[in-house]
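# Notes for the structure review
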Amino acid sequence: MITIIPISLQQSCRVAVLFCLGRWQQCCSILISSVGYLCMDLSRVFFTGNSTMNLERMPNEEKLSLCRRYYLGGFAFLPFLWLVNVLWFFKEAFLKPAYTEQPQIKSYIKKSALGLILWVAVLTTWITIFQHFRARWGEVGDYLSFTIPLGTA
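Quick caveat: nothing in here was measured; it's all calculated off a predicted structure. (Residues numbered from 1 in each chain as written. Predicted model: local features only at pLDDT ≥ 70, side-chain atom pairs only at ≥ 80, totals over all residues. Heavy atoms only, no water.)

Looking now at the confidence of the model for the protein chain. For the protein chain, per-residue confidence averages 76 on the pLDDT scale, and residues scoring 70 or more make up 63% of the total. Helix α3 (residues 42-45) is the least confidently modelled element of the protein chain, averaging 41 in pLDDT, while helix α6 (residues 102-133) averages 95, the highest of any element. Considering only residues more than four positions removed or in separate chains, one finds that residues 1-7, a stretch of pLDDT under 50, has 17 contacts. Low pLDDT, under 50, characterises residues 35-51; the predicted model gives this stretch 50 contacts beyond four residues in sequence or across chains. (pLDDT = per-residue confidence, 0-100. Helix = DSSP H or I, 4+ residues; strand = E, 2+ residues; numbered from the N terminus. Contact = heavy atoms within 4.5 Å.)

This part covers unusual backbone geometry. Positive phi values are uncommon outside glycine, yet Phe-77 reaches one of about 55°. Within the fold, Phe-77 resides in the loop between α4 (60-73) and α5 (79-94).

Okay, a nonpolar patch on the surface next. On the surface, a cluster of nonpolar side chains totalling about 730 Å² of accessible area is made up of Leu-123, Trp-126, Ile-127, Ile-129, Val-140, Tyr-143 and Leu-144. If you list the elements that add at least two residues to the nonpolar patch, you get α6 and α7 (139-144). Considering every element that reaches the nonpolar patch, the biggest residue donor is α6, with four residues. Topologically, Tyr-143 is positioned in helix α7. Under the relative-accessibility criterion, Tyr-143 is labelled exposed at 73%. (Patch = residues over 30% accessible without salt bridge, like charges linked within 9 Å, V, L, I, M, F, W, Y side chains within 5 Å. Areas by Shrake-Rupley, 256 points an atom, 1.4 Å probe, with all protein chains shown as cover. Salt bridge = Lys/Arg side-chain N within 4 Å of Asp/Glu carboxyl O. Buried < 20%, exposed > 50% of the residue type's maximum accessible area, 1.4 Å probe, protein only.)

Here we come to the pattern of salt bridges. On inspection of all chains with the given rule, the structure shows three salt bridges. Among the ionic pairs, Lys-96 bridges to Glu-56, the shortest N-O distance being 3.0 Å. Here Lys-96, found in the loop between α5 and α6, pairs with Glu-56, found in the loop between α3 and α4; they are 40 residues apart in sequence, far enough to count as distant. A relative accessible area of 28% places Lys-96 in the partly exposed class. Across the pair Asp-142 and Arg-134 runs a salt bridge whose closest N-O atoms are separated by 2.9 Å.

Of note, Tyr-70 is situated in helix α4. Spatially, the C-alpha atoms of Tyr-70 and Phe-80 are 9.2 Å apart, while their sequence positions differ by 10 residues.

For α5, built from 16 residues, the straight-helix expectation of 22 Å at 1.5 Å per residue is met to within 8% by its first-to-last C-alpha distance of 21 Å. A bend of about 45° at Trp-88 is the largest found in α5. (Expected span 1.5 Å × (residues − 1). Bend = angle between axes of the 7 residues up to and from the residue.)

And the structure:
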């Protein structure tokens, strides 16, 4: 079931609290569900009564389909989906006994990890260059800035 769920202030606060408590799996499901484009009824598919991730309840075909959707979603400038893909499906791809969909899941996980590493490298490079040279760029640097720091460089 595809649903579009706009993220609310309450969900934002819940994500922040869960992230601080180290409950990244719940944070991922809230953030992914708020994206709207990949949203499935995550509570029905992934979570049991105690709110832990449960991929074992899903058939292998659905696991492959979900893994593929997260992989393709990362190309929509959502590298966070690649991170979620790697974290959620690593066990399925590399630690479980072999099954027919496993080689495809492995390839999606490897490609997701590579895409994530490239995104992190590009983003880190851009942030470093921008922070270092923003003042030298003058008006262009100010135009690219969301907030212009006060004072002199």
